[in-house]
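# Inside the fold
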Amino acid sequence: MSRLADVIAARKAEGSGALIGYLPVGYPDLATSIEAAVALAENGVDALELGLPYSDPVMDGVVIQRATQAALAGGFKLRHGFDAVAAITARVDTPVLLMTYWNPVVQFGVDRFADELVGVGGAGLITPDLIPDEAAAWLEASDRTGLDRVFLAAPSSTDERLKQAVDQSRGFVYAVSTMGITGARSDVDSAARGLVSRLRAVGSTSACVGLGVSTPEQVREILDYADGAIVGSMLVKALADGGVDAVAAAATLLATGKGPVEGALGLPSSTVER
Amino acid sequence: MALRDELGPYFGEYGGRFVPESLIAALDELDAAYQTAKIDPVFQEELANLHKTYTGRPSIITEVPRFGEHAGGARIILKREDLNHTGSHKINNVLGQALVARRLGKTRLIAETGAGQHGVATATAAALFGMECVVYMGEVDTERQALNVARMRLLGATVIPVTTGSRTLKDAINDALRDWVANVDTTHYLLGTVAGPHPFPVMVRDFHKIIGEEARAQVLELTGALPDAVTACVGGGSNAMGIFHAFLDDPSVKLYGYEAAGDGHLTERHAATITRGRPGVLHGARSYLLQDDDGQTIESHSISAGLDYPGVGPEHAWLADTGRASYLPITDDEAMQALRLLSLTEGIIPAIESAHALAGTIKLGKELGKDATILVNLSGRGDKDMETAGKYFDILDAAALADEDAAAIRSGALGTGASE
Ligand SMILES: Cc1ncc(COP(=O)(O)O)c(C=O)c1O
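Residues numbered from 1 in each chain as written. Chains lettered and ligands numbered in written order. Predicted model: local features only at pLDDT ≥ 70, side-chain atom pairs only at ≥ 80, totals over all residues. Heavy atoms only, no water.

## What to know about the sheet that holds strand E7 (residues 173-176) of chain A
By definition, the strands of a sheet pair up through backbone hydrogen bonds, in either a parallel or an antiparallel sense. Residues and elements named next belong to chain A. Filter applied, for reference: Between any two strands, pairing holds if DSSP finds at least two bridges. Helix and strand definitions here come from DSSP, where helices need a minimum of 4 consecutive H or I residues and strands a minimum of 2 consecutive E residues; each element is numbered from the N-terminal end.
The nine strands are arranged E5-E4-E3-E2-E1-E9-E8-E7-E6 in an open sheet whose pairing can be described as parallel. The outermost strands of the open sheet, each flanked by one partner alone, are strand E5 (148-150) and strand E6 (152-153). As paired strands, strand E1 (residues 18-24) and strand E2 (residues 47-51) are joined by five bridges and run parallel to one another. By the bridge assignment for E2, Tyr22 is matched with Glu49.

Put into structure tokens, the structure is as follows:
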């Protein structure tokens, strides 16, 4: 029913799991952000999460804040989000999700947003500040259009709320690794493992872990118990520091975390850890 | 149902909880603790006692006839929230929430602040209860309200200047929310107005409704009748909800909220959220906000840091839509002239925020005429605004002030708050 869920399941069936990469649209400019996203898809990233820059990104740490603020200052418009999805899906098969705070969708019109996203070949939405309790219009629009909808699950969520997140999500449920915001962390909280097993207990078959993930070792560790690992700030930093080439190298490096250790390409890690 | 009985999470189509899932457990915990406290006589007694022995409640009302002559001769009565400890209405909410936080076993209070009044009140409560305190304040506001930054530091709080976005109140709220997500086990986010996700809008209103309850009885006693109108300034809307609430079900009493119109509500530089905004989602609730076509929040502008906010509490959005209250714009200059007028005619220097209510009241008095009685919420005192007012009216000895600043910087006093 969801191609995204199928892609994730296929990676899982291969004994690994999905690598999901985040980059904001319009950073450092629209064309480069499209190239960078395509580079992710061509270098081992299984699904793309494109962030729509927003004036008040409460879930984001400084790296992503800085990039999205620069994109807004550079003239980002909502329209560019759809343009980017269209350009990327024309070039690669990788499912493309938009990550967006809720107000831009409300202002565009929930139904109109869904129709437009379907029209450009987008897979669905990740909504960091929309909980299923407030999502009636989006549940309806996504059911009507078949778009994926990814809700968040947190270590602090009750089992009842985890079940709601699992039941209402399509594609995958976003397991927040830690109580916090986006940004690379040296160790991904052990809370993530516990959260995923609680999600399994309420029926999740597609749970991906994000927040703080930045190394192939962390990706490997997560794929041991989850269906996918989501990397954001580390890729944004690579783009900021070294452009599209650095993003491609970072993706290649991260993708080594999906396979057995021998699969590692031995890329100089300095390209991404500067 | 009486309008006074609205309990959220929704006011009509406004309110709700538009926050990351990580915060839901904390909001549920807070809501449960607040619901319990609300009906617990021990809690009520504790809060009432603090207000009596610490805040200085009940605050008095003051009739201002010389000011009233400039307001169409109407009978103007001020509710003196400026006389509260720490200098504004903000302390009412802060003490209530700090008591709830203590019940929850939280040891750390965080807050956003614009004018610094809410930050000062929160730092005060943290000092009183022996809690750690971190205040987020937009960098622009730390500059224009330097005195309050020093006050907070003297009270033991850490003030973090926020350098992202527009570097004002809305960005301070973003950073406070980010801090809360990461530290929710030990930390209570002491939100300073009737905005944010449920239960904040109702809880903050409930802690401020004492303003209207006292004032309603005081005006009845003084005049033998209800006022014809009640006025207040509206930033997020806490002092306005506080004084409106007791009158919501008195249909003869008109309610007026005055928004900051900066250079004018038809210019690009204002903070007139209900006048010029449209419904959307910001900081956890659906309400009116200033935004562009894409739903990006537009930066607000006001001479008053406490009103310089592009959102407004959801209950106000609902009162505006239903017509129960009216919301009108007041420019920087109108507010500053009203600030001077009250100072000259009555010997009371209001906060620039409150001066917006006074400016609106002058217009309203002229409209309603001399038979009208208008109750004004004087939400705060103007001490914090002396530099702004001094420069505005060119009555500040700039050289002396610069010397003082230089001396303070030399001694490092601005960094430690010791300059007070
Ligand atoms: C004296 C005073 N009045 C009013 C306000 C505005 O807040 P609210 O609209 O929540 O009352 C502030 C905020 O800092 C304030 O300091």
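Okay, back to it.
## Description of the domain arrangement of chain B
All names here are of chain B. How we decide: An automatic or database domain assignment is the source of the domain bounds shown. Whether two residues touch is decided by their heavy atoms; if any such pair falls within 4.5 Å, the residues are in contact. Put simply, buried area is the surface a 1.4 Å probe can reach on two separate parts but cannot reach once they are joined, added for both. Should a side-chain nitrogen of Lys or Arg be within 4 Å of a carboxyl oxygen of Asp or Glu, the pair is scored as a salt bridge. For this analysis, a polar contact is any N or O atom pair within 3.5 Å, provided that within protein one partner can donate a hydrogen and the other can accept it, and provided that sequence-adjacent residues contribute only side-chain to side-chain pairs. Polar here means any residue outside two lists: the nonpolar Ala, Val, Leu, Ile, Met, Phe, Trp, Tyr, Cys and Pro, and the charged Asp, Glu, Lys and Arg; Gly therefore counts as polar.
In terms of domains, chain B is made up of domain 1 (19-53 + 90-204) and domain 2 (58-87 + 209-388). When each unit is reduced to the centre of its C-alpha atoms, the spacing between domain 1 and domain 2 is 23 Å. Facing the 32 residues of domain 1 at the interface are 33 residues of domain 2. Of all residues in domain 1, the largest losses of buried area upon contact with domain 2 belong to Arg144, Lys170 and Val194, amounting jointly to 23% of the total for that side. Here domain 1 and domain 2 share zero salt bridges between them. Our enumeration of links across domain 1 and domain 2 arrives at seven residue pairs in polar contact (both at pLDDT 80 or more). For the side of domain 1 that touches domain 2, the secondary structure elements donating two or more residues are helix H4 (90-103), helix H5 (117-129), helix H6 (139-144), helix H7 (146-154), helix H8 (169-183) and helix H9 (200-208). The element best represented in the side of domain 1 that touches domain 2 is H8, accounting for five residues. Of the residues contributing to the side of domain 1 that touches domain 2, the split by class is 14 nonpolar, 13 polar and five charged.

## Quick word on the interface of chain A and chain B
Contacts between chain A and chain B engage 34 residues on the former and 34 residues on the latter. Summed over both sides, the interface of chain A with chain B buries roughly 2,700 Å², with 49% coming from carbon and sulfur. Of all residues in chain A, Val58, Gln107 and Glu134 of chain A give up the largest surface area on contact with chain B, accounting jointly for 21% of the area buried on that side. The interface formed by chain A and chain B contains two salt bridges. Between Lys170 of chain B and Asp56 of chain A there is a salt bridge, with the nearest N and O atoms lying 2.9 Å from each other. Counting every contact that joins chain A to chain B gives 22 residue pairs in polar contact (both at pLDDT 80 or more).

## Quick word on the packing of aromatic side chains
Residue and element names in this part refer to chain B. Here is the rule: In this scheme Phe, Tyr and Trp rings, the latter by its six-membered ring, pair at centre separations within 6.5 Å, and the angle between planes marks the pair as stacked below 30 degrees, edge-to-face above 60, and tilted otherwise. Only protein chains enter the accessibility calculation, which uses a 1.4 Å probe. A residue is then buried if its area is under 20% of the maximum for its type, exposed if over 50%, and partly exposed in between.
As enumerated under the stated definition, the model contains 13 aromatic pairs over all chains in all. Taking the centre distance of 6.3 Å and the plane angle of 45 degrees together, the rings of Phe11 and Trp318 count as tilted. Here Trp318 lies in helix H13 (residues 314-322) and Phe11 lies in strand E1 (residues 10-11), a separation of 307 residues in the sequence. Residues Phe11 and Trp318 agree in their burial class; the two are buried. Summarising the aromatic geometry, the rings of Tyr34 and Phe207 are spaced 5.6 Å apart at their centres and angled 70 degrees between planes, so their arrangement reads as edge-to-face. Placement of Tyr34 in helix H1 (residues 24-38) and of Phe207 in helix H9 is noted, with a sequence separation of 173 residues between them.

## Observations concerning the site of the ligand
All names here are of chain B. To keep it simple, the criterion reads: Here a residue is considered near a molecule or strand provided that any single heavy atom belonging to it is located within 4 Å of it. Method for areas: the Shrake-Rupley scheme with a 1.4 Å probe, in which residue coverage is limited to the protein chains shown.
Taken together, 19 residues sit near the ligand, with Thr193, Gly235, Gly237, Ser238 and Ser379 positioned nearest. A total of 390 Å² of accessible area belongs to the ligand in isolation, and the protein chains cover 98% of it. For the shell around the ligand, the elements supplying multiple residues, two or more each, are strand E9 (229-234) and helix H11 (238-244). Classifying every residue of the shell around the ligand by side-chain character gives five nonpolar, twelve polar and two charged. Lining the shell around the ligand are residues from two domains, each supplying at least three of them: domain 1 (19-53 + 90-204) and domain 2 (58-87 + 209-388).

## Looking at the environment of Glu81 of chain B
All names here are of chain B. With respect to the helices, strands and loops of the structure, Glu81 is situated in the loop between strand E4 (75-80) and H4. Looking at Glu81, the relative accessible area reads 0%, which means it is buried. Spatially, the C-alpha atoms of Glu81 and Ser379 are 4.9 Å apart, while their sequence positions differ by 298 residues. In this structure Glu81 touches Arg57, Ser59, Gly87, Ser88, His89, Asn92, Ile211, Asn377, Leu378 and Ser379, once residues within four positions along its chain are discounted.

## As for the nonpolar core
Burial of nonpolar side chains together is a common tendency in soluble globular proteins. What counts here: Residues enter a nonpolar core if they are buried and are Ala, Val, Leu, Ile, Met, Phe, Trp, Tyr or Cys, with the set joined through side-chain atoms within 4.5 Å.
Membership of the largest hydrophobic core comes to 186 residues, with the highest contact counts inside it found for Trp138 and Phe172 of chain A. The element best represented in this core is helix H11 (residues 233-255) of chain A, accounting for eleven residues. Per-domain counts for this core show at least three residues from each of domain 1 (19-53 + 90-204) and domain 2 (58-87 + 209-388) of chain B. Contacts of Trp138 of chain A, omitting those with residues within four sequence positions, involve Trp102, Val110, Ala114, Leu125, Thr127, Leu130, Leu147, Asp148, Arg149 and Phe151 of chain A. Among the nonpolar cores identified, the runner-up in size contains 35 residues, and Ile303, Leu358, Ile362 and Ala389 of chain B belong to it.

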